[in-house]
Structures are given as C-alpha cells and as structure tokens.
Amino acid sequence: MERRGRLAGRAIHGLIALCASGAVLALFAFGYGPVPALGRALDPGHGAWASAAGGLPVRSHTLTLPGLSHPVSVTFTSHGVPSIRAASQDDAFVALGYLHASFRLTEMDLERRLGEGRVAQLAGPSGLASDKFELRLGLLRTAQQEWAVMPRSSPVAQTLLAYSRGVNDYLAQARADGHWPAIFGLTGVYPRDWTPIDSLVLQGILTQELDFTTTPLDYALLERSLGPAHTMAWFPVLPPRGVPQSPYDPGPYRYRGIAPIAAQASAPTVTAQPAATTAAPGPATATGSAAGTAIAAGSVLHETTELPASLVHRYPDSNAWAANGRAVAGVSMLAGDPHLPQTLPSVWYQAALSAPGLAVTGVTVPGLPGVLIGHNAHIAWSLTDVQNQATLFYTEQTSPARRGQYFWRGAWRPMRQVHYTIPVRGGAAVPLTVDLTVHGPVLTRAGQTTAVDWMGNIPSPDLAVLLGIDKAADFAQFRAALAAWRAPTQNFVYADDHGNIGAISAGYYPVVRHGEPWLPLPGTGADDVVGVIPYRAVPQVYDPPGHVVATANQRPVGPSYPYYLGTTADFFDPGYRAGQIYALLHGQSRMAPAAFAAIQLSVTDALARRIVPRLLAALHGQHLSATQQAAAGLLRGWDGSMTASSGAAALWWTFWGDYLGAVFGPWWRAGKVPVHKDHAGLAVSAQQFSLDQVLEAWTVSDRGNAAFTPPGSPHRTAADVMRTAFAAAVAHLAARLGAAPSAWAWGRLHTRQFPSITQAPGLGYGPRASGGDAWTIDAADGGLESHAGPGWRMIVDWTGHGSAMAEGVYPGGQSENPASPWYTDQMADWWDGRYLPVPPAAGGAPWLIRWNMAPGGK
Amino acid sequence: MADPRRLGRRGSYRLGRMSAPPAPRTPWPAAHYPTWALRRRGPVFLWLLACLAGALIVAVGALAGWWFLPFLAGLGTGLAAHYGRLRLRTTLPAAVAVAVVGWGAALAWLALRDGLPEVTVARTIAALAGLPASAAVALAVTLVVAALQAAAGLWLGRALAPGHG
C-alpha cells in the first residue's frame, strides 16, 4: 500500500516535472505571445548575438555573388562610402543592392513592412494599427500594379531585378552564416527575399512621408469650431499681405489648360459601371453634415496617431539653391540639404556608381536603385519638397439600403473590395477588407464614408526618371527626364558644368474644377479631380537673371499664378528660410563652397528679426520688473541668431509661443477646438505656419486686428498682447531656467535628437543641446525636442567642363549596426559643420578597403 | 483492568490498555555535516571535472546553434544525481554553473577570438528587447535563460531517475 502511494507520488511528480520543463523548453524554443523564442534568440553563437559580426570593422576581401555577370570592384573610404566600378549597369545595381543589404537590412525591411502592412508580423499587436492604415492607404496596391504593367525588358525593370538580385545575394549569405541584424535574431522573424515590388513600395513610403497630409480633415474640424470666416482668415489659401515671399519662379505665368489626369492605381480595377440606374440618390446618409464630417475626420486623425510620426507630412523639408555667373568663383555651384526625420541610421546611404554609360555619385535610399541627390559628370541636382496639396478627402454618399455601394455621377456604383490577412507575431492573423471607390480607398465609415485621393495611389515612374537624371548631360535632358515624374512632387534644383542653373517643380498637381479642396469634398462627382497642371505650366526657371535660384519649400510662385497649389496650412513653408537664403546670396560675387556652407549652417531666424523690434517698441516706456528689464536687454542688439548659447533666442522662442497662445488661445477655447483629436494639426503653436504668418502680418501692419480682442473681452492691440506675452515668457523662463536672464540659453531649452529607426531607446543619439529652429536655414523641426532637420548637406562646385568638387556629410554613418565603427562616425563632422569629400562619380577616390566581387556560386 | 472478553464487541475501544504497545523511542539520527575533508577529495575533483566538461560541451554547442544544451546538461545532472546520491543543494548549483559558464564562455570566446563587439551588441539587444539599454542587462538575461534551462532539465532528470523519492 505504502509502496503504491510512493509510486503514485513519483508518477505525479514526474508528470509535473515533465510538463513544467517541457513548457520552459517550448517557451525558449518557440516563444509565446510577444515573448520571443528566448533560447534561440539569446544563443551566444546565433540569434541576436550573431549580429556582432556586422559590427566588425570592414576589411578587404573577395566575395562571390551569384547575381553578377562580371567582376565588380567596390572601394570604401574611411567613412565607409563605397565607389562601385562595374562592367555593366546591371552589375553596378547588383552591387548596390548587396551593399544596401549589408549595411541597412533592418532599415530596408522595416520600411517595406511599413508600406506593405507587415509591421505586426515583426512587432506584434502594437503594429496592427499601422498595418491596417497602410493597407487601406494602398502603397502596396500601387506598387503591385506598377510592377504588373512594367515591361520586363525595360531598363527600369532590369535595374529593379538586378538590384533585387544583389539584395537577395546578401540574404542568402545571411541565411547561410546566421549573421543577421540583431532585431531579426531577437524576434526570430527573418526577412523574406527582396522583390522589385518592395522597391516600389519604398518609393511610396517616401511619397507618403513627403506628401500625405490630413490637413483637410483639420480644416473641417477648425471650420466647425471657429466658423468658416475665422478659419479662412487665420488659415488662408494665400499668404497674408505684409509677409514677404520669395517665389523662385516669379512669373509671368500663363494659364495653359489642364492636362489629362494620370491613371490612378485603383481606377482601372474599380468598376465605375452603375450598379443601379437610380437617377437620384436613395436615403441620404450623413453626407454633407458638419457633424458627420467631424466624426469622420476625428476617426481618421485618430488612426494616424497610431502611425510612426514621419508617415504623415508635418514639416517643410529642405533647402536647395544654385548660383552661376558673377555670383560664384567657378562656373556654377549648387547646395542642397534635404530635411527629413533625423534617425539612426539616416534615410540616406552615400555611394558612387560607375559603369559604361553611368557615372554618378551622391546619396541613395536603401531599398531603391539609383542616386537621388548628387551629381554626374556634367550636372548636379538636389531636391526640396514642393508641398503642394495632393491629398484630397472625399465624402462618399452611401445608403443603408445599398450596402457596398456609393452614389457617383448620378448612379449607385459598387465598391471594389480587397481582402488582406495581416500576420501578427504572437497572435492570430487579422483579416482586413478595404473598400475602394473611384476616388480611392475608404479610410473610415465613422460618421461618413470618407475616401482619400492622394498622389501615392498614382503610379510614378520615379526610377526611370532617376536613371534619366543620372545620365543627363544638360538641362534639356534633365527637364525631359523629369516630365514623367509624378510623386512625390519635388523641386529639382540644377547646376551644370557649363554654368547653367535652374529649377523645376516636377510632379503631380491635381486640379479640382469645383469646391474647396482644402476641405473634405463631396464624392458625388462634381468635385472630382479633372486633370493636372501641364508640365510646361508647373513652376520652373532656367538661368534666372539674378544668377540665383533657391527653394526652401516656400510657395514657388507668386499670387498671380493661375492654378491652385495649396494653402498656407501645412502645404507651404512660410518662406523665412527662402527669404534668408536669397538675402544671403543677393549681391554676392565669386562665392566659394565655404560661403555656401556658411549659409547652410545659418541659424538666423528671419521672423525674429522682424518681430523683436516691434516687441521692444511695445515695451518702451512701460514699467518692467528688474527681471523683465534684464530680459528685454537680451533682445536689444540681438541679431536673431538662434545659437545654443543665446539667452535672447530662448526668450524669443518662448515669447512667440506665448504670443500665439495669448492671441489665439481664447478663440480656441471659445470655439472648443478639439485639439485632442490631432494635437499637431489643431493646437495653437509655432508649428502652425498659417498662424505664424497671419500674426506676423497683423503685428507688422494691422496692429488693431479684431483677433487681438478675444470674444467678450476688452479691446486689445498687438502691443497690449505682446506685453502680456512678454511678461508670461519671462515668468516661464524664470521658472524653468532661473531668475537671472544672464543664465538663460536656447540650448537649455532646445535639443536635437536622432532616434533609432527601431524606436529602441538607447540606440539613438542625443538629445543634445542645439541651436536653430523651424525657420532657420539650418532647420530644427519638431519643437523643443527637434527630430527633423538637414539629413544630408552637399555642395557641388563646378569648376569647368566635367570638373566638379563635391563635399557632403550626413548625421550618422553608413552602417545601421550600433556596434559598427560606421554607425555614428559622421555625426561629429555634421554637428560641427564640417564636410567630407564626396567620391568622384567616375571613381578614383582614395580608398582604404576593397571588395572584389566575382560572379559565381548559386 | 479491561475485560478481555469484551474484545471485538461494541464499546471495546474504551478498554484502553488493550491497544498496541507504543513503539520504543529511538534516538534522533545524528546530524549530517557536509565536509570537504580529504577523504572526499577524489569524488569532488571528479565532479568538478565533469562540470567543466559539461560547460565546455554547452559552450561548443552554443557556438554550433544547439541552444538547448543547458537543458540537457541539467537533465544529465539530474539523472546522475541518483547514482551519485547527490542532493539538490549540490546538483542545482552545479547544473546552473555548467549552463552559465558554458554560455558565458561562448560569448567570451567570440569576443576574444574574433574581437566581436559583444558589449555593444549586448546594449543593442537590451534596447531592442525594451529593457534598459545596458550590456549587463542583456548579458544577465542571456545567462538566466541558460540557468533556467539547466534548472528545468535538472528537475526533470531527478523526477525521472529510477528509485527517486
């Protein structure tokens, strides 16, 4: 009996031990929920630890790539900038694909996951909201359609295939040796093979980052809260008079009609055939009601808060200018510094490519074949975002009696449905159905059925254009290549070795015949996009008489331009940077690259220079406390320079925020503006460029504007409000930085930071005290903790025919591996305003390391 | 005195003295004090040698991708404990040490032989895992995973050993 009891006890104990140890082993082998397979992930020889191999200094060696047809040599500078020399263009792009994957695989995979709705597969349920939004938005559909219709024998298809072979050669190598970047080893989710569609999706991501905006939804909410009159007075279409503008294309302009609209990605597959021939709509939905619009806007805006911050366009991006003639010492000179979210690694990867018929150097985007910004043997170019409105929201008319249909052009039409399954790490896959109308994908059915028509749904042969630019030898070829460019709309600034300069704002400019496109439009047909601005009518200039052309996201044309481009809210920079660039270039002669570099590094705030004298005038003769007197003393004689050590800069920025709040805050509170639905788009702040401009205009030339007097309050003028705001700013700074204004410094308030693309804290750089602000040429966007700004500074000095001296630098380094010596090795140079030589387009740069790539293997 | 004639009948339990006589009181067993006296040196040396060999196997296995070897080491220790008549307080530290030293040695080997930047990688792993971006944290978690495997294996080994219990 006793023995039987002991045996039973042993059996139970054994069973428990077996289950428990089995559970531990299974957990470590397969993971559970969001917990990765820790046994595999943390195995010292494999898993995440194996990423250490990618952190070793790169050495010369010979490697075999099955994707190559002929040997390729790759030499690296001390900062890891490769110069590829290949016997054919295809081989050059195979090598580029291999290099991108070698040094930026995590970045490439994360970006394609973002666009293809596969973030949750890697990150778990936290990525689901982003996946749903992106699959609705349709970058993947656009890319798939673009690839489906692309002739496989075309140069672009061949380039995409060659590039994919290079990436996949690296993936095969990683599968063999297990040396994956840490994020893959840790999660156990490894990248699949690269395809041309992935590259096209990445192109779409760039378009989304630069041009997808929710501003029409913000307009709808503002109009509902503040009323149409105040909304359009404070967020006007054209900049208010009194605010200086510097269009790079000053005209004269001619109306040249409307060009046919480019085929939308969804259009050919969305049937517009009537499902019923009802002449009039059935039972009306909430279409057109302000309440429904507000609910729909709030729903979409809420979804966008789940996206990575960079995916909704918020900040103006970039400076680029060129000069020729007497203005420069050589024949022409170009400077470019695109401003994008600053991350580690950077969005850019520097490279030089040389092959028969191709010699180009500059920065590439990992995942895309081709140099986006740089120079070849004869021309140099850089980009800034045009910022025109190309995101239109449509309120579709639907009916509960006609599920799956919408009313368009007099008849009920069926929506096309696309079904997706979203894999989720540690959870069940989630099905998603996307409805498509003729306008685009339906983003929400809350309140109203709202669809979006935006340029990301339009196939754009960007790679074909880039290959054309990479090989162009003069402005005519450059301009011809750009004719096909659609998205994102970009200002291409140009300078060549014959002393010519120019700029073209190439891209997609939708024309809406009726309605107010800055608001959600009725989807019944009358307010549809009817065409685009013809290429010959888009902003452009060639060899301007002033010998200077500059773009800094300002409105590129004057008020007499005969087409609608967008409003002051979000779509265009106020022009402070552009005005400053033109001011610094004006009247100069024989400028050298150092002079251009000084402009790129300028942190002078043009708005401060206009407003501070008015503020000091308002304070003159007033009774001020000792602290206020000392604070005012900081501003006297200040030149508007937003250096990190400047106390005046700290005071100015704080004052301007308080001034905006004192003027507009009471109106916002009275109108109950739902700021919580989209803080970036609805809150009163210096990031609201419309408010900045109207307040500047009133302060300078309309000091008695009625807006200074809040509803139900005694009359106020600009001077009254400025004094109130000044006192508030001094109090704020005294509380935060101490009572002695002499101890105040902009760098104690303002930092720059470079977060890791993985969002992992601890892998980024900063925050670090920094100068600059949103309106300085050396821009720092994002408020007091800036995370966007110059991501690449480049200067190309054409000294003669085929002879260029180029230098550039970007914050970060060529490798994405935090253990690599090339992770942040350019950061110090970038921070201190130094530049590094750009390897020549035709090769021949001093090199330390050489990879000999040979075809072969399998 | 109880009446023996009532034995087995109702109420007989009240008879008291008829119960079985109490067991004779035995003295408590003498306390056992572990000792490392010379007479035990031989087996201890052998056990240390076995642990080192186990750690070496675990390390080599880790480099080969056999991440589950700490579990097997614990399992083996648990089974061996039966034949060596070793207690948990001896075998548990031994199994954990084999696992931790094995994985630690593998990491050290990679860092020393190949010069791999394991410290920076450890920071990266910790940060990606959402932990404080410290190399010590990732290293500790890695070694804890090895130790847990060994402990689970040991438990199973002891439970499955013949005659256990």
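## With respect to the overall build of chain A
Here's step 1: The helix and strand inventory of chain A stands at 24 helices and 32 strands.
Here's step 2: In summary, chain A has a C-alpha radius of gyration of 28 Å against a globular reference of 29 Å for 858 residues, a match within 12%.
Here's step 3: Taken over the C-alpha atoms alone, chain A extends approximately 100 × 70 × 70 Å along its principal axes.
Here's step 4: Within chain A, buried positions represent 57% of all 858 residues.
Here's step 5: Taking all contacts inside chain A whose residues are at least 6 apart in sequence as the whole, residues at least 24 apart take part in 74%.

## Structural notes on the sheet that holds strand β29 (residues 793-800) of chain A
Residue and element names in this part refer to chain A.
Here's step 1: Here six strands make up an open sheet; going across it, the order is β24-β4-β5-β29-β30-β31 and the pairing antiparallel. The sheet is open, and its two edges are formed by β24 (548-551) and β31 (836-837), each paired on a single side.
Here's step 2: Sheet strands touched by helix α15 (residues 576-585): β4 (319-324) and β24. Its angle to β24, the strand with the most contacts, is close to 160°.

## What to know about the packing of helix α17 (residues 606-619) of chain A against helix α21 (residues 689-701) of chain A
All names here are of chain A.
Here's step 1: Where α17 meets α21, the axes come as close as 10 Å, and the angle between the chain directions of the two elements is 40°. As far as their axial angle goes, α21 and α17 are oblique. Pair α17 / α21 crosses with left-handed handedness. Here L607, R610, I611 and R614 of α17 come into contact with α21, specifically with D692, E696, T699 and V700.
Here's step 2: For the contact of α17 with α21, the residue count by class is three nonpolar, one polar and four charged.

## What to know about the environment of A:I533
All names here are of chain A.
Here's step 1: Examined against the element boundaries, I533 turns out to sit in the loop between β22 (529-532) and β23 (540-542).
Here's step 2: C-alpha separation for the pair I533 and G507, spaced 26 residues apart in sequence, amounts to 9.3 Å.
Here's step 3: Residue contacts for I533: discarding those within four places in its chain leaves Y509, V511, V538 and Y563.

## Digging into the nonpolar core
Here's step 1: Grouped together as the largest cluster of nonpolar side chains are 293 residues, with contacts concentrated most on A:A95, A:W321, A:M333, B:A99 and B:A150.
Here's step 2: Of the residues forming this core, the biggest block, 14 residues, is contributed by helix α5 (residues 135-160) of chain B.
Here's step 3: Here B:A99 is in contact with B:V58, B:P70, B:A73, B:G74, B:A146, B:A147, B:Q149 and B:A150, once residues within four sequence places are set aside.

## As for the sheet that holds strand β27 (residues 785-786) of chain A
Residue and element names in this part refer to chain A.
Here's step 1: In spatial order, the strands read β26-β25-β27; together these three strands make up an open sheet with mixed pairing. Every interior strand has two partners, whereas the edge strands, β26 (765-769) and β27, have only one.
Here's step 2: The pairing of strand β25 (residues 751-754) with β26 spans three bridges and is classified as antiparallel. Residue T751 lies in a different strand from β26, and its bridge partner there is A769.

## What to know about α5(B)
Here's step 1: In this model, α5(B) (26 residues) spans 38 Å end to end at C-alpha, consistent with the 38 Å of a helix rising 1.5 Å per residue.
Here's step 2: For α5(B), the buried fraction is high: 19 of the 26 residues fall into the buried class.

## Quick look at the confidence of the model for chain B
As a general rule, the predicted coordinates of low-pLDDT regions are not to be interpreted in detail.
Residue and element names in this part refer to chain B.
Here's step 1: Of all residues in chain B, 73% have pLDDT values of 70 or greater, and the mean over the chain is 81.
Here's step 2: For residues 36-41, every residue scores under 50 in pLDDT, and the model assigns this stretch two contacts once sequence neighbours within four places are set aside.
Here's step 3: ipTM for the predicted complex: 0.85, alongside a pTM of 0.91.

## Remarks on the pairing of strand β19 (residues 501-506) of chain A
Residues and elements named next belong to chain A.
Here's step 1: Counting buried positions along β19 yields six of six residues, so the element is predominantly enclosed.
Here's step 2: Neither face of β19 is open: one carries I501, A503 and S505, the other G502, I504 and A506, and all of them are buried.
Here's step 3: As judged from the six bridges shared by strand β18 (residues 490-496) and β19, these two strands associate in the antiparallel manner. Within β19, the residue paired with Y494 across the bridge is G502.
Here's step 4: Hairpin connection, β18 to β19: the antiparallel pair is bridged by four residues, and G499 has positive phi, about 85°.
Here's step 5: In this sheet, β23 lies alongside β19 in antiparallel orientation, the contact comprising three bridges. Of the residues in β23, the one forming a bridge with A503 is V541.

## As for the environment of A:I849
Residue and element names in this part refer to chain A.
Here's step 1: Inspection of the secondary structure puts I849 in strand β32 (residues 849-855).
Here's step 2: Placed 312 residues apart in sequence, I849 and A537 show a C-alpha to C-alpha distance of 48 Å.
Here's step 3: Residue contacts for I849: discarding those within four places in its chain leaves V58, R59, S60, T75 and F76.

## Describing the environment of A:S332
Residues and elements named next belong to chain A.
Here's step 1: Counting through the fold element by element, S332 comes out in strand β5 (residues 332-337).
Here's step 2: Residue classification places S332 among the buried residues on the basis of 27 C-beta atoms within 10 Å.
Here's step 3: It is 26 Å that separates the C-alpha atoms of S332 and P356, two residues lying 24 residues apart in sequence.

## Looking at helix α4 (residues 118-128) of chain B
Here's step 1: The element α4(B) is extensively covered by neighbouring structure, given that nine of its 11 residues are classed as buried.
Here's step 2: Those residues of α4(B) lying buried are B:E118, B:V121, B:A122, B:R123, B:T124, B:I125, B:A126, B:A127 and B:L128.
Here's step 3: Elements in contact with the buried residues of α4(B): α8 (182-187) of chain A together with α3 (88-113) and α5 of chain B.
Here's step 4: Directly beyond the C-terminal end of α4(B), a positive phi value near 80° is found at B:G130.

## Topic: the interface of chain A and chain B
For interface size, the figure often reported is the accessible area lost on association.
Here's step 1: Between chain A and chain B, the residue contacts involve 37 residues of the former and 37 residues of the latter.
Here's step 2: Mapped onto the side of chain A that touches chain B, the elements with two or more residues apiece are α1 (2-30), α2 (38-41) and α8 of chain A.
Here's step 3: Grouping the amino acids of the side of chain A that touches chain B by side-chain chemistry returns 22 nonpolar, 11 polar and four charged.

Conventions and cut-offs
- All chains use their own residue numbering, which begins from 1 and follows the written sequence.
- Just so you know, chain letters begin at A and ligand numbers begin at 1, following the order they were written in.
- In view of the model being predicted, local features appear only for residues whose pLDDT reaches at least 70, and side-chain atom pairs are presented and counted only at 80 or more, with totals across whole chains, interfaces and linings using the full set of residues.
- Secondary structure elements follow DSSP: runs of H or I of four or more residues count as helices, runs of E of two or more count as strands, with numbering from the N terminus.
- Atoms considered for the radius of gyration are the C-alpha atoms alone. The globule rule reads 2.2 Å times the number of residues to the power 0.38.
- Each residue is classified by how many other C-beta atoms fall within 10 Å of its C-beta atom, where C-beta atoms are placed from the backbone; a count of 20 or more means buried, 12 or fewer means exposed, and values in between mean partly exposed.
- Here the contact rule is simple: place C-beta atoms from the backbone, and any two residues whose C-beta atoms are within 7 Å are in contact.
- When DSSP finds two or more bridges between a pair of strands, those strands are recorded as paired.
- Only the contacting stretch of a helix is used when fitting its axis, a line to C-alpha atoms as for every element, and angles between N-to-C directions run 0 to 180 degrees.
- Between 65 and 115 degrees an angle is taken as roughly perpendicular, under 35 as roughly parallel, over 145 as roughly antiparallel, and anywhere else as oblique.
- Two helices that cross are described as forming a left-handed crossing if the nearer one is turned anticlockwise from the farther one by less than a right angle, and a right-handed crossing if clockwise.
- Asp, Glu, Lys and Arg are counted as charged, while Ala, Val, Leu, Ile, Met, Phe, Trp, Tyr, Cys and Pro are counted as nonpolar; the rest, among them Gly, fall into the polar class.
- The term nonpolar core refers to a set of buried Ala, Val, Leu, Ile, Met, Phe, Trp, Tyr and Cys residues connected through C-beta atoms within 7 Å.
- Expected helix span is computed as 1.5 Å times (number of residues minus one).
- Values of pLDDT, the confidence the predictor places in each residue, fall between 0 and 100.

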